[in-house]
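Okay, here's what each chain looks like letter by letter:
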Amino acid sequence: MSETHPTFVLSPGPHLHTEESTSKIMWWVNGSLAPAALWGVFVFGINAAFVILASIAGAVLTEFVSQKALGRRPTLMDGSAVCTGLLLALTVNPNLPAWQAFLGSMFAIGLGKMIFGGLGFNLFNPALLGRAFLMATFPLNMTSGWATPRPWFGVPLDAVTTATPLAVLKEQGFEAAVKLVSSPVGLWNALALGFRPGSIGEVSLLLVAIGGAALLARRIITLAIPLSVLAGVALSTLHTGVPMLHLMSGGFWIGAFYMATDYVTSPSTTRAQIAFGLMIGLLTGMIRVYGGYPEGICYAILIANAMAPALDLWFRPKRTAIAGSPS
Amino acid sequence: MTTATSSLHTFGRGGIHPGPHKEATASREIEDLPTPSEVVLPLLQHLGEPAEPCVKKGEMVRRGQKIAEGGKTGVPLHAPISGKIKPVDKRPHPTMAIAMSLAIGANVDAGPELEFPEDPEWRNLPLEESLSRVREAGIVGLGGAAFPTWRKLEFARAAKVDLLVMNGAECEPYLTSDYRVMLAYPTEIVEGSVLIAKIAGAKKVLIGVESDKPDAIEAIGKAAAALTDRSIPVEVVPCVARYPQGAEKQLVFAVSGRTVPARQLPSAVGVLVQNVATAQAVYDALRYRKPLLDRILTVTGPGIVQPRNVRAPLGASLADIVEFCGGIKPETHRMVAGGPMMGRSLPRLDVPLIKGMNGLVMLTGRGPLEDGFGACIRCGRCLDACPLGLEPDQVSVRVEVGRTLDCEPHGALDCYECGCCSYVCPSSRPLVQFMQVAKSALRRAAATRSAS
Ligand code: SF4
Ligand code: SF4
């Protein structure tokens, strides 16, 4: 009788598993960034598209080649290399030569991720490492010659713009920064909608916020990190009198919602995340106000990344029951 | 005395909401398996020593007759069907592959089931007599653990528990057998609970039922209100439907607010936990001296043709039970005995039903580890899911790099393997197994230390 019985695969429990997977999460992140990326292309022109494509290609190729070389299972479809390439592109000047973006993402994946052992093992946010590499290697292309917004692919709004609002704020003060961005749509509109000079993805706070909201709704991220980054920036720029300009500008939103919340390089418990976010926010403000860069969140996150594993050990989950102590 | 508490109770942190998957069998009444042609009774199907056969090959036995003695730590076995004893031999066992087992071939000449007349004194039995009836009836925990009930009761009494918590949570997805038992035998469960409370010395009974079973809550509540023996208050406590609401520690906290210390039993805070199906068995044992002969289980999952709640004689072949449920679909890939969260996957159907098996779930689709697993992406989901506040992520990465003995601060010794962490991990990491590896390494290291 027994020989006719079917046999079944043995597997360890639990025998049910959530529908969520690493690659689904990554593709959701990528998808939520798409509106901001497309808007960047729309506002800044076709070079922005080349930068995005080159950056993604550099990331994907580097991951593929290094996995082939090491004899590892290729994991391109998990979407994380695409994510790094996309994020890097969104944080650079839309006028950056595409080959430089390609190099930047090669660095990001090669020396920021694969050399540590691949996804899950890297200490620093690869996209931000790539950006730091570009800042060091091509500082001129990264920080000047900003593309001017040219909505509807028409005439540039301001033919002579060469600096971002934050850079102008740093060098020439609030008035000049306001003047730079306020025509023709008004300062806050310009900051929210993206009609102002800046990195490809950072210009439209609105679209970044919508993407972030999608991730929140999908429970891929929580508010712990973004809110505490925000609080940190507000605290450390309050005395300048223009915290709103700081909060509404720069890579702050991309940084707070996408870079600082990167699972691998941020802490996992809520309390550690709050400490981490505050640290990023405070460092960002300090760099912007006292440091040499108008934009500080990139380095602030990289510094905080180094602390993430320690923060997880300092702020541990609360046990519901301790051995040997009835309550 | 029996009012259901208005707000829902639950445990403190963590937990998950896997799809309940109970629709397929929730509305199906308990159906009897036609008497099988053969039953196989492994001598060991619970913790403790194996049973010692007290019948000879070829002997005719009637359903209900004792066929093996329980010894000092175990429980006896009874003939679940009338028939002829086959020789004790090595036969397939669901979890031990092969084990010494008695078998009975059905035979009408053996006679009908023994009669179990009521003992009119059943409510006022002396303690010793009650305990011995529970023991003689072969009752083990029917929630899945299968620990001999008489020993658990004896232990609870010695530990001076004051509260009996009845587990009707049935938080495992797919399973509905406890639910159907609560609907079919509410009075037996409530009476049985009072009997258990008396044996254990508990002063109060709280019956925890998940709120997605309102009719069970109502049925049990009514039965409790109708109790004539009011010496021990019985209360139904509706709990949030959330896994692992039915885990002992979580349930005790949910219904009583008491926190069971890690690595200890509920008796540490004066609580005894029993499953509702066990209460029904205890009731039969004390009132009628009727031994445990059948087991009610849910046969379900996407791989079964006709999902059902089945009452089957112990020792019936799983193949017979599955056939009674229309057989399996060709795409059935895995079979789980028990609930899909904490149950075990079994390789084959030609094994007998044993006392602790409360469900049989036929699953399709690929299972855990069949496609490998990924690195920890430090997403923190496992931390949020663990009801105990342990750190399966930290344990897993330490085990991976060979630092098993560094896992104690992260809770490896406290883990009770509920599986919430593995369930939520987007990298499909076998976190429960990492916890097990760390736990056994730590225990072994501690044992070697204390031995030297
Ligand atoms: S299996 Fe262990 S570590 Fe995982 S959630 Fe359950 S108790 Fe926590
Ligand atoms: S759920 Fe998995 S990937 Fe996420 S932190 Fe836990 S172990 Fe790591």
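Residues numbered from 1 in each chain as written. Chains lettered and ligands numbered in written order. Predicted model: local features only at pLDDT ≥ 70, side-chain atom pairs only at ≥ 80, totals over all residues. Heavy atoms only, no water.

## Points about the environment of T222(A)
Residues and elements named next belong to chain A. Relative to the elements of secondary structure, T222 occurs in the loop between α10 (205–217) and α11 (224–237). Taking the relative accessible area as the measure of exposure, T222 reaches 48% and is therefore partly exposed. The sequence separation of T222 and T270 amounts to 48 residues, and the corresponding C-alpha distance is 8.9 Å. In this view, T222 contacts L216 and Q273; residues no more than four positions away in its chain are not counted. (Helix = DSSP H or I, 4+ residues; strand = E, 2+ residues; numbered from the N terminus. Buried < 20%, exposed > 50% of the residue type's maximum accessible area, 1.4 Å probe, protein only. Contact = heavy atoms within 4.5 Å.)

## Concerning the domain arrangement of chain B
Residue and element names in this part refer to chain B. Parsing chain B into structural domains produces domain 1 (1–34 + 117–365) and domain 2 (381–451). Between the C-alpha centres of domain 1 and domain 2 there is a distance of 28 Å. In this assembly, 16 residues from domain 1 lie in contact with 17 residues from domain 2. Regarding the contact of domain 1 and domain 2, the summed buried area is about 1,200 Å², with carbon and sulfur atoms giving 58% of it. The largest share of the area that domain 1 buries against domain 2 comes from R13, I16 and R263, three residues that together contribute 42% of it. Counting across the interface, domain 1 meets domain 2 through two salt bridges. If you look at where domain 1 meets domain 2, you find six residue pairs in polar contact (both at pLDDT 80 or more). The class makeup of the residues in the side of domain 1 that touches domain 2 is nine nonpolar, four polar and three charged. (Domains from an automatic or database assignment. Buried area = accessible area lost by both parts, 1.4 Å probe. Salt bridge = Lys/Arg side-chain N within 4 Å of Asp/Glu carboxyl O. Polar contact = N/O pair within 3.5 Å; in protein donor to acceptor, adjacent residues only side chain to side chain. Nonpolar A, V, L, I, M, F, W, Y, C, P; charged D, E, K, R; others polar.)

## Describing empty space enclosed by the protein
All names here are of chain A. If you walk through the whole model with that rule in mind, you get six cavities of 30 Å³ or more. Looking at the largest cavity, its volume works out to about 290 Å³. As for the largest cavity, its lining consists of 22 residues, and the residues nearest its centre are M26, C83, L87, D262 and Y263. Counting only elements with at least two residues in the lining of the largest cavity, the list comes to α1 (22–44), α3 (80–90), α5 (126–137) and α13 (252–259). Sort the elements by how many residues they give to the lining of the largest cavity and α3 lands first, with four residues. Residue composition of the lining of the largest cavity, by class: 15 nonpolar, five polar and two charged. The calculated volume of the second largest cavity comes to roughly 100 Å³. Across the lining of the second largest cavity, the residue classes tally to 12 nonpolar, one polar and one charged. (1 Å grid on protein atoms, 1.4 Å probe; cavity = no way out; pocket = protein on both sides within 12 Å on 5 of 7 lines; lining within 4 Å. Points joined across faces, edges and corners; volume = space filled by probe spheres on them.)

## What to know about the pairing of strand β15 (residues 332–337) of chain B
Residue and element names in this part refer to chain B. Of all six residues making up β15, five are buried, and the element is well covered by its neighbours. Pairing of β15 with strand β17 (residues 359–364), which is carried by five bridges, proceeds in the antiparallel orientation. Its bridge partner lying in β17, M335 is registered against M362. With three bridges joining them, β15 and strand β16 (residues 344–346) adopt antiparallel strand pairing. By the bridge assignment for β16, V336 is matched with S345. (Pairing = 2+ DSSP bridges.)

## Brief notes about the pattern of salt bridges
All names here are of chain B. In total, this model carries 32 salt bridges over all chains according to the counting rule given. Of the charged contacts in the structure, one is a salt bridge between R311 and D32, with a shortest N-O distance of 2.8 Å. Residue R311 is found in strand β14 (residues 308–313), and its partner D32 is found in strand β1 (residues 30–32); the two are separated by 279 residues along the sequence. By relative accessible area, R311 is classed as buried at 18%. As a salt-bridge pair, K66 and E136 come within 2.7 Å of each other at their nearest N and O atoms.

## Regarding helix α13 (residues 431–451) of chain B
All names here are of chain B. Between its terminal C-alpha atoms α13 stretches 30 Å, which fits the 30 Å expected from 21 residues at 1.5 Å a residue. Residues of α13 that are buried include every one of L431, V432, Q433, F434, M435, A438, K439, A441, L442 and A445, and no others. Lining the buried residues of α13 we find α10 (381–385), α11 (392–400) and α12 (420–424). (Expected span 1.5 Å × (residues − 1).)

## Remarks on the site of ligand 1
Residues and elements named next belong to chain B. What surrounds ligand 1 is a group of 13 residues, the closest being C386, C415, C418, G419 and C421. According to the grid-proximity analysis, the pocket containing ligand 1 is the second largest cavity. Put simply, the parts of the chain that give the shell around ligand 1 at least two residues each are α12 and α13. Tallied by class, residues from the shell around ligand 1 come to 11 nonpolar, one polar and one charged. (Near = heavy atom within 4 Å. Sits in = over half its atoms within 2 Å of the grid points.)

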